[in-house]
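Read off the chains here:
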Amino acid sequence: MTEAIIDEKSILNFWEKEKIYSFKYNSKKKIFSIDTPPPTVSGEMHLGHAFSYSQADFIARFKRMSGFNVFYPFGTDDNGLPTERLVEKKKNVKAKEMERQEFINLCMEFLKEELPKFIQDWKNMGISCDFSILYSTIDRHSQKISQWSFLDLYKRGRIYRKEAPAMWCPECMTGVAQVEVQDKEKEAWFNDIVFNCDEERIVISTTRPELLPACVAIFYHPSDKRYKKFLGKKAKVPLFNFEVPIMEDKRVNPEKGTGIVMCCTFGDQTDMEWQKAYNLPIKTAITENGKMSEISGKYSGMPIKKAREEIISDLKKEGLLIKQEKIKHFVNVHERCGTEIEFLKSKQWFVKYLDLKKQLLKWGSELKWYPKYMKHRYDNWVKGLQWDWLISNQRYFGVPFPVWYCKNCDEVILAEKSQLPVDPQKDKPKSKCKKCGSKEFIPEMDVLNTWFTSSMTPQIAITLIKNKKIQKKLFPMSLRPQAHDIITFWLFNTLLKSRLHFNKNPWKDVAISGFVKIEGEKMSKSKGNIVRPQEIMQKYGADTIRYWAAGSKLGEDFNYQEKDIITGKKFIIKIINAANFIFSQIKQKPKKPKKPEALDALFLNKINYLILSVTKSFENYDYARAKALLEDFFWHDFCDNYLEIIKWRIYNGNKNQKQSAAYTLYTSFFSLLKMFAPITPFVTEHLYQKHYKKNEKEKSIHLCSWPKYFKKRDFSELELFFELLKKVRQEKTLNKKPMNSECIIYLKKEDFRKIKKILEDFKHVNKAKEIKEGSFKVEFL
């Protein structure tokens with residue numbers, strides 16, 4: 001196995017010991033604050049993490065070197081359903097089969113074991129967070145902020161509790177919010193089933209025959225003449241033999257199936273709308289654990305899939321199934337486990353926000369989006385909202401609701417702010433019931449949805465700083481970096497709550513990263529295409545992953561290919577070799593010459609323009625363009641051209657020629673190191689410590705000032721020089737001559753005149769005996 005080229009572990013230890021990335025509490029510098037995404041504790045960092053967190057870190061490092069006091073905390077998202085499912089898998093247990101407190105203790109013990117290893121992956125990637133500003137979304141501090149958010153929104157009339165149909169995951173046995181539901185294409189059977197009305201048959205197409213016992217009505221479109229004769233009559237539900245009314249409604253699509261549908265409580269959103277609009281009864285055919293209920297008769301207790309098979313079989317036997325067609329359709333699944341969502345009537349807590357769609361669109365437009373087109377995802381989500389935000393989960397491990405209920409009258413009793421964080425199952429309210437005066441209470445058993453807490457990350461991180469003046473400077477934050485798949489989860493909910501609590505946006509800029517794919521597909525264990533960043537780091541070093549990640553523009557999904565990692569390795573070897581050559585010739589910091597050689601002055605002008613271009617790119621979060629500019633300059637202008645051009649002067653020149661070359665080498669290479677530092681922090685630190693630290697005041701390259709650029713100066717003669725040099729090299733290659741073969745070069749009169757001041761360097765780099773005027777030609781001696 002290939003080992004990483006430099007000792008990254010020693011560099012990590014140095015950064016940690018010297019607190020290189022610590023937020024400076026007493027600094028007078030302008031603050032740049034980052035709302036760092038707290039990764040979900042999933043066992044270890046995956047390649048998508050390495051990709052997107054590197055991209056955010058490029059910006060953090062650039063801002064730090066540009067003179068900002070960077071507030072860059074780190075947190076882990078480790079409460080709620082994701083952690084429960086991980087613990088259940090790792091410990092081979094089921095939460096619902098254990099005592100509540102026993103399972104909570106197991107989760108806390110698991111996190112205590114896992115978190116240090118989990119966080120170390122981010123450190124190993126060179127993520128320059130201040131890890132002393134650390135939070136976990138299940139710690140007491142985060143619970144306090146989350147519970148305060150609940151109390152504040154409740155008092156503002158934005159939170160309510162209601163028994164109503166809600167989306168439910170039978171696998172996780174909890175209510176789920178709209179944002180936690182994904183559309184997934186699945187194969188299914190479209191079944192044409194016979195309902196009887198008097199002596200006539202009505203054929204209804206459905207993919208969910210298991211909902212027959214919950215059928216409460218039949219609907220057709222008012223314009224559909226085929227079914228007008230049935231209006232006001234009743235149809236008999238097959239197998240279950242009870243009758244339901246036949247009604248008209250414009251929401252029926254006459255072109256779908258047979259054009260007449262059954263309404264069951266509940267198969268989808270439309271069923272809920274019909275039930276409410278026509279005050280239909282509610283029948284529950286499916287229980288919370290995904291089994292058929294008592295109203296299902298002989299199918300009672302069967303899992304959904306089994307019941308579907310049995311009912312179809314019985315319909316066939318009774319001659320009530322006249323056609324089956326295999327189709328592909330999209331169904332709602334829980335994003336955590338992939339289980340198909342059911343709609344069950346249950347008592348849940350909600351945040352009211354459907355009345356805020358116009359404001360949400362306005363608030364989103366006040367953010368600066370990078371890239372701009374990502375705002376469309378946000379807008380589309382807001383426009384498509386159909387539900388208020390369900391925030392209660394029927395699970396064990398999570399932030400408790402700060403709520404009790406009066407045992408006597410069911411009145412909601414809220415915790416007081418001074419009590420927070422509170423666990424209603426262990427603690428008691430400070431006052432008696434205001435409605436009836438009772439002192440007996442029932443604790444709320446549900447926990448807050450994990451996104452309810454994660455949407456408070458700005459406040460969770462900022463309030464870790466106890467200085468109120470600094471807190472005010474930190475909010476709104478400068479930047480929210482995150483992946484595009486959680487715009488609807490994290491970004492939307494954080495923006496919503498910030499406006500509801502503080503009447504201001506939580507950040508100024510949002511930078512949205514893409515996904516990592518393998519041959520165009522998302523990585524997944526089932527496909528066997530998982531690539532572990534830990535193995536890449538061990539084999540090639542973290543800088544190679546970061547170098548690869550810098551090749552993707554913000555928002556774009558990016559293919560992982562090992563050859564791109566190897567390209568990063570080649571760069572690291574090349575920059576080390578370049579440094580070795582430079583400092584084999586330079587033993588001490590060279591002084592600036594009184595009059596630099598003409599070519600050196602032009603080269604410094606060119607690198608000045610590079611500094612301007614790279615700086616502008618980083619300021620616009622376009623690190624990919626910054627990398628492309630740096631890469632091209634380093635490989636071609638610096639290594640292929642400039643290093644080769646000045647070798648003769650370094651070895652054979654007079655005092656001023658050598659001094660000018662040495663100064664230009666030292667200065668330009670230092671500028672390159674600084675500009676590469678945000679992308680490849682390890683190798684640039686390694687070279688700084690080895691060659692520059694003894695001459696420079698800062699203890700780390702990452703604390704050095706970003707290279708300054710001056711007013712644009714002309715370097716067109718140098719561009720022509722490089723162009724002509726390339727042509728000479730091509731001629732030598734074409735004639736199968738080595739690069740050091742002697743020759744006579746003919747240049748056009750105009751070209752000869754333009755590079756006259758730097759003709760001596762042109763002559764030496766090309767091993768030319770003579771440079772003459774004439775049509776371009778290379779004569780070999």
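A few points on the structure. Bear in mind the structure is a predicted one, so any value in this text is a computation, not a measurement.

**Focus: unusual backbone geometry**
A cis amide bond links Tyr 370 to the next residue, Pro 371, at an omega of -5°. Relative to the helices and strands, Pro 371 is located in the loop between β15 (368-370) and α9 (375-383). Following Phe 475, the chain continues to Pro 476 via a peptide bond in cis, the omega torsion being 0°. Mapped onto the fold, Pro 476 is located in the loop between α12 (468-474) and β22 (477-483). A positive phi angle is found at Asn 92, which is not glycine, with a value near 55°. Relative to the helices and strands, Asn 92 resides in the loop between α3 (81-91) and α4 (100-124). Positioned with a positive phi, Asn 241 is a non-glycine residue whose angle comes to about 55°.

**Describing the pattern of salt bridges**
Taken as a whole and judged by the stated rule, the model has 47 salt bridges. Its salt-bridge partner being Glu 84, residue Arg 395 comes within 2.6 Å of it at the nearest N-O pair. Placement of Arg 395 in the loop between β17 (392-393) and β18 (403-406) and of Glu 84 in helix α3 is noted, with a sequence separation of 311 residues between them. Of the two residues, Arg 395 and Glu 84, neither departs from the other in class, the shared state being buried. Where salt bridges share partners, they join Arg 208, Glu 210, Arg 308 and Glu 342 into one cluster.

**A look at the packing of aromatic side chains**
All told, the structure shown has 58 aromatic pairs when counted by the stated rule. Considering the side-chain rings of Tyr 160 and Phe 350, the 5.4 Å spacing of their centres and the 20° angle between planes classify their relative orientation as stacked. Highlighted residues: Tyr 160 in strand β5 (residues 159-169) and Phe 350 in strand β14 (residues 342-351), separated in sequence by 190 residues. For Tyr 160, a relative accessible area of 27% puts it in the partly exposed group. Since its relative accessible area comes to 6%, Phe 350 is described here as buried. Considering the side-chain rings of Trp 548 and Tyr 560, the 5.6 Å spacing of their centres and the 85° angle between planes classify their relative orientation as edge-to-face. Of this pair, Trp 548 sits in helix α15 (residues 542-549) while Tyr 560 sits in the loop between β26 (558-559) and α16 (562-585), placing them 12 residues apart in sequence. Judged by relative accessible area, which is 11%, Tyr 560 ranks as buried. A network of ring pairs unites the aromatic residues Tyr 547, Phe 571, Phe 603, Phe 633, Phe 634, Trp 635, Phe 638, Tyr 642, Phe 669 and Phe 676 as a single cluster.

**Re a positive patch on the surface**
A grouping of Lys 144, Lys 155, Lys 417, Lys 434, Lys 466 and Lys 468 is seen on the molecular surface, where their side chains present a positively charged patch. You can see Lys 468 is positioned in helix α12.

**A look at the state of the cysteines**
Following the criterion strictly, the structure yields zero disulfides and no others. Here Cys 433 is not disulfide-linked; the sulfur of Cys 409 is the nearest cysteine sulfur, at 3.7 Å. The exposure class of Cys 433 is buried, given its relative accessible area of 2%.

**Quick look at the sheet that holds strand β23 (residues 507-513)**
The strand order β15-β23-β22 describes an open sheet built from three strands, whose pairing is parallel. Each edge of the open sheet is held by one strand with a lone partner, namely β15 and β22. Direction aside, neighbouring strands of the sheet carry axes that sit 20° apart on average. Bridge count for β15 against β23 is three bridges, and the pairing is parallel. By the bridge assignment for β23, Tyr 370 is matched with Ala 511.

**Notes on the nonpolar core**
If you look at the biggest cluster of nonpolar residues, it comprises 203 residues, and the most contacted ones within it are Phe 638 and Phe 669. When residues of this core are assigned to their parent elements, the largest contribution, 13 residues, is made by helix α18 (residues 623-652). Apart from the residues lying within four places of it in its own chain, the contact partners of Phe 669 are Ile 575, Ala 578, Ala 579, Ile 582, Phe 583, Phe 634, Phe 638, Thr 664, Leu 687 and Tyr 692. Tyr 220, Ile 260, Cys 264 and Met 302 belong to the second-largest nonpolar core, a separate cluster that totals 37 residues.

**Structural notes on the sheet that holds β18**
Judged by pairing direction, the sheet is antiparallel, and its three strands sit side by side in the order β19-β18-β20 without closing on themselves. Every other strand in the sheet has two partners, leaving β19 (412-414) and β20 (441-443) as the edge strands with one partner each. Strand after strand, the sheet turns through a mean of 35° between neighbouring axes, direction not considered. Relative to β20, β18 is paired through three bridges, and the arrangement is antiparallel. Bridge pairing links Trp 404 to Pro 443 in β20.

**Quick look at the pairing of strand β11 (residues 243-248)**
Sheet topology places strand β9 (residues 215-220) next to β11; three bridges connect them, and they run parallel. When the sheet's bridge partners are listed, Tyr 220 is paired in β11 with Glu 248. In terms of strand pairing, strand β10 (residues 234-236) meets β11 through three bridges, oriented antiparallel. Residue Lys 236 lies in a different strand from β11, and its bridge partner there is Glu 243. Counting the residues between successive antiparallel strands, the hairpin from β10 to β11 contains six residues, one of them, Leu 239, with a positive phi of roughly 70°.

**What to know about the packing of helix α5 (residues 140-155) against helix α13 (residues 487-502)**
Between α5 and α13, the shortest axis-to-axis distance is 10 Å and the interhelical angle comes to 60°. As far as their axial angle goes, α13 and α5 are oblique. Crossing hand, α5 versus α13: left-handed. Residues Trp 148, Ser 149, Asp 152 and Leu 153 of α5 lie in contact with α13, whose contacting residues are Lys 497, Leu 500, His 501 and Phe 502.

Reading the values: rules and limits
- Residues numbered from 1 in each chain as written.
- Predicted model: local features only at pLDDT ≥ 70, side-chain atom pairs only at ≥ 80, totals over all residues.
- Heavy atoms only, no water.
- Helix = DSSP H or I, 4+ residues; strand = E, 2+ residues; numbered from the N terminus.
- Salt bridge = Lys/Arg side-chain N within 4 Å of Asp/Glu carboxyl O.
- Buried < 20%, exposed > 50% of the residue type's maximum accessible area, 1.4 Å probe, protein only.
- Phe/Tyr/Trp six-rings, centres within 6.5 Å; stacked < 30°, edge-to-face > 60°.
- Patch = residues over 30% accessible without salt bridge, like charges linked within 9 Å, V, L, I, M, F, W, Y side chains within 5 Å.
- Areas by Shrake-Rupley, 256 points an atom, 1.4 Å probe, with all protein chains shown as cover.
- Lys, Arg positive; Asp, Glu negative; His and termini not counted.
- Charge placed at Lys NZ, Arg CZ, Asp CG, Glu CD.
- Disulfide = S-S within 2.5 Å.
- Pairing = 2+ DSSP bridges.
- Axes fitted to C-alpha atoms, helices over the stretch in contact; angles between N-to-C directions.
- Core = buried A, V, L, I, M, F, W, Y, C linked by side-chain atoms within 4.5 Å.
- Contact = heavy atoms within 4.5 Å.
- Parallel < 35°, antiparallel > 145°, perpendicular 65-115°, else oblique.
- Left-handed = near helix turned anticlockwise from the far one by under 90°.

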